[in-house]
Amino acid sequence: MRTTPRHLFVPDNARSMAYEDYPVSIGYGPTISQPYIVALMTQLLGPTKKHRILEIGTGSGYQAAILGQLAAEVYTIEIVPQLATSASKTLRDLGYTNIRVRQGDGYKGWPEEAPFDGIIMTTAPPKVPAALIAQLAGHGRLVAPVGSLWMQELIVIDKRSDGTIRPRSVCPVSFVPMQRSK
Ligand code: SAH
């Protein structure tokens, strides 16, 4: 995280806030999570250089940039076209070659590239979408804020090789609610 230029992921008028431990607005409603939460979720996900990771909610691309340095490949989906385009440009300009950004609805996941060793959601659904559990590899792990409106629980779901899942709760969090495509 120290080597990732967070100020390049926030709007120009918010650059002075970039390295504080706060979420920062990135336009169109969402925020880039505070560094502490990015670190906590990354640690819980536990990416390694062999892992292929799916992120739901690209936003600014900052979380994807952190994961890109720890995993083999990162696939990230953003529903707002302008954010998908700008995150894609930021990541390309910074030289990340193992991160693919797609504009689309995260509820469907990215079936063509499944299964994933890890899935991280940075937007909160009322419950974890079944398609994402299905796209998780055996021994894979999903980290997500789950719950209603602005109050959720951060949960970790481990998938066993026989396909059964084991969820556990980590702490209360507050993320932007996941949108449904219209
Ligand atoms: N990880 C981001 C912050 C994400 S904020 C970062 O590091 O900057 C949550 C993002 O999820 C927002 O950009 C929002 O537009 C997006 N989002 C909301 N619903 C979605 C959906 N159904 N599919 C994909 N992205 C979604």
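Keep in mind the model is a prediction, meaning the values are calculated, not measured. (Residues numbered from 1 in each chain as written. Predicted model: local features only at pLDDT ≥ 70, side-chain atom pairs only at ≥ 80, totals over all residues. Heavy atoms only, no water.)

Draft legend 1. Region of interest: the pattern of salt bridges. If you walk through the whole model with that rule in mind, you get eight salt bridges. Between Arg-52 and Glu-73 there is a salt bridge, with the nearest N and O atoms lying 3.4 Å from each other. Here Glu-73 lies in strand S4 (residues 73-78) and Arg-52 lies in strand S3 (residues 52-56), a separation of 21 residues in the sequence. The class for Glu-73 is partly exposed, based on a relative accessible area of 31%. Taking the shortest distance from any N to any O, the salt bridge between Asp-158 and Arg-166 comes out at 3.2 Å. Taken together, the salt bridges that share partners define one network made up of Arg-52, Glu-73, Arg-100 and Glu-113. (Salt bridge = Lys/Arg side-chain N within 4 Å of Asp/Glu carboxyl O. Helix = DSSP H or I, 4+ residues; strand = E, 2+ residues; numbered from the N terminus. Buried < 20%, exposed > 50% of the residue type's maximum accessible area, 1.4 Å probe, protein only.)

Draft legend 2. Here's a closer look at the site of the ligand. Around the ligand, 24 residues are found, and the nearest of them are Ser-60, Glu-78, Asp-105, Gly-106 and Gln-179. Ser-60 is positioned with one of its side-chain polar atoms (N or O) 2.6 Å from an oxygen atom of the ligand. The backbone of Gly-106 places a nitrogen or oxygen atom 2.8 Å from a nitrogen atom of the ligand. For the ligand, the accessible surface in isolation is 580 Å², of which the surrounding protein chains cover 98%. Looking at the shell around the ligand, the elements that each hand over two or more residues are strand S2 (31-32), helix H2 (62-68) and S4. For the shell around the ligand, the residue count by class is nine nonpolar, 12 polar and three charged. (Near = heavy atom within 4 Å. Polar contact = N/O pair within 3.5 Å; in protein donor to acceptor, adjacent residues only side chain to side chain. Areas by Shrake-Rupley, 256 points an atom, 1.4 Å probe, with all protein chains shown as cover. Nonpolar A, V, L, I, M, F, W, Y, C, P; charged D, E, K, R; others polar.)

Draft legend 3. Summary view of the pairing of S4. The element S4 is extensively covered by neighbouring structure, given that five of its six residues are classed as buried. Here S3 pairs with S4 via five bridges, running parallel. Directly across from Ile-56, in S4, lies its bridge partner Ile-77. In this region the chain leaves S3, passes through H2 and returns to the parallel neighbour S4; the handedness of that crossover is right-handed. Two strands pair when backbone bridges link them, and S4 and strand S5 (residues 99-103) are joined in this way by five bridges, in the parallel orientation. Considered in S5, the bridge of Ile-77 is made with Arg-102. (Pairing = 2+ DSSP bridges. Right-handed = clockwise from strand over helix to strand, strands pointing away.)

Draft legend 4. Region of the structure containing the nonpolar core. By size, the foremost hydrophobic cluster in this structure holds 34 residues, and its most contacted members are Ile-32, Met-41, Leu-91, Val-143 and Leu-154. At the level of elements, helix H1 (35-45), H2, helix H3 (81-93), strand S8 (151-159) and strand S9 (165-173) are the ones that each hand at least two residues to this core. It is H1 that contributes the most residues to this core, six residues altogether. Beyond its immediate sequence surroundings of up to four residues, Ile-32 is in contact with Arg-6, Phe-9, Val-10, Pro-23, Val-24, Ile-26, Ser-60 and Tyr-62. Counting residues in hydrophobic clusters, the runner-up holds 19 residues, among them Leu-54, Ile-56, Leu-132 and Ala-144. (Core = buried A, V, L, I, M, F, W, Y, C linked by side-chain atoms within 4.5 Å. Contact = heavy atoms within 4.5 Å.)

Everything listed here is a matter of coordinates, which is why it stays silent on function.
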